[in-house]
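Close look at the chain arrangement
Each chain, letter by letter, is given below.
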Amino acid sequence: MTNANAYPASQSIRTIGILGGGQLGMMLAEAALPLGYRCIFLEDTPDCPASLYGKVYSTQQLDDFISAADVFTLEFENTPVETVEHLTKLSNEGNKQGMFPPVQALAVAQDRLKEKALFNELDIATVPFLAVSSKDELKDACAQLGLPLVLKTSRGGYDGKGQFVLKSTSDIDAAWADLGGAVTGDNDLVPHPAPLIAEGFIHFSREVSIIAGRAQDGTVRCYDLVENHHHHGILAKTQAPAVGASHLLATAKDAISTLMAHLDYVGIMALELFVSKDDDGKETILANEIAPRVHNSGHWSIEGAVTSQFENHIRAVVGLPLGDTDNVHPSVMINILGQYPNVADTLAIDGTHYHSYHKEERADRKIGHITLMPPDVADLDKALSALVKVLPNKVGLDK
Ligand code: AMP
């Protein structure tokens, strides 16, 4: 496929090996091409979205995948740590340029208990939480943290799966029946037996996230805070920037910069945050989780920022300087869930940018996104109402 003479002789990195081949891999490859790089993917679904942009290797072909790439990154954070350690070891032995982000970031992101403990160690505020390894410990957690309480698998959950909200102590049996198998190893959602995490339930006023990139020389560039609306744990809508949140930006930037420096991070990271009000009505932020990769709440940046999260991730991975993260225009990003809208009807609304992931329609599955950036910002609400009308699936868009 690649003509060996198609690169400048001085370019030592030509092929980026990406773990995972979903839509995030596809959008990374889209950003890599104009910079002069090709991507290949490690993924067991041969016709995955990223296959439109580069060769897909199955996990059985890990060693071939490693030989074919010059540098490595990921788009799927549940890649087993052992695979990434193996890849890091082999790539250090060969003539490779490394794995970014480093494996320790992945290990933290895959374990909610480790993750929240690290936040607190670095003075980043979180909801109160406890490890739970038995039904008795769950009873203790209810007594200590109060009700309602959110019980989550510490590993393996995603998009709101592997969670149970206990409203009263009479829910303890049902919660344990649902998630206790994660502790004993008898639950499909988790890769290894591990304690659960019990978190105090927070009545947050909104959910926001911050995305930042860290280059190989340690330079950090942060995007603006964005506001996220979920439906059953799946992101439905992102507003960029979050309105009226500039007073929270410095704390969020500080938190993500501290985390990235601590983890010796390279690439894009997302930090999801709850905004809560204290007794005096003052807003504060509490860290919920990190994603050690490009993130759905940053898709708006393809059109809405000077440099997209995808381009900045590629720049970091290959050792280039990061680009400007400023907003060029306020925008709203809507996920296409389950069923595609009519493209012509969508594009008839001024300022829409349509992104299909070329995935089959399936109930509530993320199969694309639309970014709304009408020429006049004052038209954003009107454009959003028009868009909601043409979407077959409107879940999560009532707010
Ligand atoms: P997570 O998998 O941790 O991102 O949780 C999925 C969604 O559940 C979040 O986006 C919140 O809307 C909600 N949630 C998670 N943890 C809590 C909590 N401790 N208190 C209240 N809501 C929560």
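Residues numbered from 1 in each chain as written. Predicted model: local features only at pLDDT ≥ 70, side-chain atom pairs only at ≥ 80, totals over all residues. Heavy atoms only, no water.

**Here's the deal with the packing of aromatic side chains**
Put simply, the rule is: Within 6.5 Å between ring centres, the rings of Phe, Tyr and Trp (the latter by its six-membered ring) count as paired, and their orientation is classed by plane angle as stacked under 30 degrees, edge-to-face over 60, tilted in between. Each residue's exposure class comes from its accessible area (1.4 Å probe, protein chains only) as a fraction of the maximum for that residue type: buried when under 20%, exposed when over 50%, partly exposed otherwise. In this text, helices come from DSSP runs of H or I with a minimum length of four residues, and strands from runs of E with a minimum of two, each type numbered from the N-terminal end.
Using the criterion set out here, one finds four aromatic pairs in the structure. Seen in terms of ring centroids, Phe65 and Phe72 are 5.8 Å apart; in terms of plane orientation they differ by 55 degrees. Their pairing is tilted. For the pair shown, Phe65 and Phe72 are each scored as buried. Relative to Phe274, the ring of Phe204 has its centre 5.0 Å away and its plane inclined at 0 degrees; by these criteria the two rings are stacked. You can see Phe204 sitting in the loop between β8 (196-200) and β9 (206-214) and its partner Phe274 sitting in strand β13 (residues 267-277), a full 70 residues away along the chain. In this structure Phe204 comes out as partly exposed when scored by relative accessible area, which is 34%. Aromatic ring contacts, followed pair by pair, group Tyr57, Phe65 and Phe72 into a single cluster.

**As for the site of the ligand**
Selection criterion: We call a residue near a molecule or strand whenever a single non-hydrogen atom of that residue lies within 4 Å of it. Whenever a nitrogen or oxygen atom comes within 3.5 Å of another N or O atom, the pair is scored as a polar contact, on the condition that within protein one atom can donate a hydrogen and the other can accept it, and that pairs from neighbouring residues in sequence are kept only if both atoms are in side chains. The classification used treats Ala, Val, Leu, Ile, Met, Phe, Trp, Tyr, Cys and Pro as nonpolar, Asp, Glu, Lys and Arg as charged, and all other residues, Gly among them, as polar. For the domain bounds, the source is a domain assignment made automatically or taken from a database.
The local shell around the ligand holds 14 residues, among which Lys152, Gln163, Ile202, Glu207 and Glu289 are the closest. Residue Gln163 places a side-chain N or O atom 2.8 Å away from an oxygen atom belonging to the ligand. One nitrogen or oxygen atom from the side chain of Asn288 is found 3.0 Å from an oxygen atom belonging to the ligand. Of all the secondary structure elements, the ones that give two or more residues to the shell around the ligand are β6 (149-153), β8 and β14 (283-291). Of the residues belonging to the shell around the ligand, the class tally is five nonpolar, four polar and five charged. Two domains each donate at least three residues to the shell around the ligand, and these are domain 2 (128-195) and domain 3 (206-390).

**Points about the sheet that holds strand β3 (residues 56-57)**
We apply this condition: Any two strands with at least two DSSP-identified bridges between them are counted as paired. Contacts between residues were defined by any pair of non-hydrogen atoms, one from each residue, lying within 4.5 Å. Working convention: axes come from line fits to C-alpha atoms, limited for helices to the stretch in contact. Angles between N-to-C directions cover 0 to 180 degrees.
What the four strands build is an open sheet, ordered β3-β2-β1-β4; its pairing is parallel. Looking at strand neighbours, the two that pair on one side only are β3 and β4 (71-74), the edges of this open sheet. With two bridges connecting them, strand β2 (residues 38-42) and β3 associate as parallel partners. Note on β3: the bridge partner recorded for Phe41 is Val56. Of the strands in this sheet, β1 (15-19) and β4 touch helix α11 (residues 309-318), which is tilted by about 145 degrees from β4.

**Focus: the domain arrangement of the protein**
For the protein, the assigned domains read domain 1 (8-99), domain 2 (128-195) and domain 3 (206-390). The C-alpha centroid of domain 2 is placed 35 Å from the C-alpha centroid of domain 1.

**Here's the deal with helix α9 (residues 246-262)**
The cut-off we apply is this: An expected span of 1.5 Å times one less than the residue number is assigned to each helix.
In this model, α9 (17 residues) spans 25 Å end to end at C-alpha, consistent with the 24 Å of a helix rising 1.5 Å per residue. Where α9 is buried, its residues meet α5 (112-121), β9, β10 (220-222), β13 and β14. A positive backbone phi angle near 55 degrees is found at Asp264, which sits one or two residues after α9.

**Digging into the pairing of strand β15 (residues 331-337)**
Each regular strand carries side chains that alternate between the two faces of the sheet. Across the seven residues that make up β15, a large majority, seven, are buried. Side chains Ser331, Met333, Asn335 and Leu337 of β15 all project onto a buried face; the interleaved residues Val332, Ile334 and Ile336 project onto the opposite face, where all are buried too. For β15 and strand β17 (residues 366-372), the ladder comprises six bridges, and the chain directions are antiparallel. The partner of Ile334 across the bridge, within β17, is Ile370.

**Some words on the sheet that holds β8**
Ordered in space as β5-β8-β6-β7, the four strands form an open sheet in which the pairing is antiparallel. Every other strand in the sheet has two partners, leaving β5 (129-132) and β7 (163-166) as the edge strands with one partner each. Within the sheet, the average angular offset between the axes of one strand and its neighbour, ignoring direction, is 25 degrees. Packing of helix α7 (residues 172-179) onto the sheet brings it into contact with β5, β6, β7 and β8, and relative to β7 it is tilted by some 175 degrees.

**A word on the pattern of salt bridges**
Opposite charge on two side chains permits pairing when their charged atoms draw close. For the record, the criterion: The rule for a salt bridge is simple: a side-chain nitrogen of Lys or Arg has to be within 4 Å of a carboxyl oxygen of Asp or Glu.
Tallying each qualifying case throughout the model produces 11 salt bridges. Among the ionic pairs, Lys116 bridges to Glu199, the shortest N-O distance being 2.7 Å. Of this pair, Lys116 sits in helix α5 while Glu199 is found in strand β8, placing the two residues 83 residues apart along the sequence. Overall, the relative accessible area of 0% leaves Lys116 in the buried class. Taking the shortest distance from any N to any O, the salt bridge between Lys139 and Asp136 comes out at 3.8 Å. Residue Lys139 and its partner Asp136 are both found in helix α6 (residues 135-145); the two are separated by three residues, about one turn of the helix.

**Section: the environment of His192**
Mapped onto the fold, His192 is located in the loop between α8 (181-184) and β8. For His192, a relative accessible area of 38% puts it in the partly exposed group. Spatially, the C-alpha atom of His192 lies 8.8 Å from that of Gly156, the residues being 36 residues apart in sequence. Beyond its immediate sequence surroundings of up to four residues, His192 is in contact with Arg155 and Ala182.

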